[in-house]
Amino acid sequence: YQLNKSKHLSKAAIGLGADSKIFQSLNLDVKQGYYKTLLKLIDKFFDDELDQQTFEECSRYIFGTRAYILFSIDKLMQSIVRQLHHIVSDPKAQTLLSYFKEHHEYEKHTAELTKAYRMQVTELLGNEDEIYNLSFNTVDRTMSIQLLDKNDDIFELHDEDKYNEYVSNYIDWEHDTPNVNRKLLNPSYLKRNIRHQSYSHRMRSNMQYKICRNTYHLFYVIGTEDSLVAKKNMTRCNEAEIKSNRFKSWLEKKQVESAET
């Protein structure tokens, strides 16, 4: 009701002389919707077919008091053009854009890929510029912006991404699991029972397992296993053989001496 009322009772438009005749001369056809009519007005405004005052009154005629956000659209476009020119002309911005395209070519984004992408950006920018993380929610159509520090984590991921992050951290044996304090963990074996011996062994890793997405329980696949086979220590075998030969020689010598006596 307020939107339709503004089209007929805009006192500000009447006071400025922008009556309905001016709107009719511009052919404000709203049969296809107010949005498309506004786009035509913006095109004419950018082509200098409309001055600032006429554009504001036409926008106010269509959207009422809520049209004020459109009054500075020319300044917004100028700012966007400057940013685009900076991206095209600055080599560092071109490199960042190539990193962005490379990262978004993957079908699924894992935690490792995100960390690698962030490391590339950090190495390129160094300590000169700030790093921001932009997250767009396609469901709510909202954008969030986060200023990242060196030790800051990115926004929380979706449930599927959390599961993939958990699995990638679980199978990463070279690095500690994030957010796990090793001081609070109890050792599985006593150090005094560990024997430091250089055994030669052969290992085969063929164990397969599955992780439940809901409970994160670990299930081993039947028919798969890991095997560890320790080879014989040839040095110890040779020492045992030498001792056995010495004992046999000593025994034969004693038998000969007893026979002579």
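Throughout what follows, the structure given in this document is the object of discussion. These figures come from a predicted structure and were not determined experimentally.

The phi angle at D48 is positive, at roughly 65°, despite the residue not being glycine. If you trace the backbone, D48 turns up in the loop between α4 (34-46) and α5 (52-63).

To continue, consider the pairing of strand β2 (residues 142-148). As defined by bridge partners, strand β1 (residues 131-137) adjoins β2 across seven bridges and the pair is classed as antiparallel. Bridge assignment links N137 to a residue of β2, and that residue is T142.

Let us now look at the pattern of salt bridges. A side chain with one charge can pair with a side chain of the opposite charge if their charged atoms come near. Following the criterion strictly, the structure yields one salt bridge and no others. The salt bridge partner of R60 is E57, with a shortest N-O separation of 2.4 Å. You can see R60 and its partner E57 sitting in helix α5, three residues apart, about one turn around the helix. For E57, a relative accessible area of 3% puts it in the buried group.

On to the packing of helix α6 (residues 73-89) against helix α7 (residues 91-103). With their axes 5 Å apart at the nearest point, α6 and α7 run at an angle of 90° to one another. It follows from the interaxial angle that α6 and α7 lie roughly perpendicular. Each of H86, I87, V88 and S89 in α6 lies in contact with α7, whose residues at this interface are P91, A93, Q94 and L97.

Criteria and cut-off values
Residues numbered from 1 in each chain as written. Predicted model: local features only at pLDDT ≥ 70, side-chain atom pairs only at ≥ 80, totals over all residues. Heavy atoms only, no water. Helix = DSSP H or I, 4+ residues; strand = E, 2+ residues; numbered from the N terminus. Pairing = 2+ DSSP bridges. Salt bridge = Lys/Arg side-chain N within 4 Å of Asp/Glu carboxyl O. Buried < 20%, exposed > 50% of the residue type's maximum accessible area, 1.4 Å probe, protein only. Axes fitted to C-alpha atoms, helices over the stretch in contact; angles between N-to-C directions. Parallel < 35°, antiparallel > 145°, perpendicular 65-115°, else oblique. Contact = heavy atoms within 4.5 Å.

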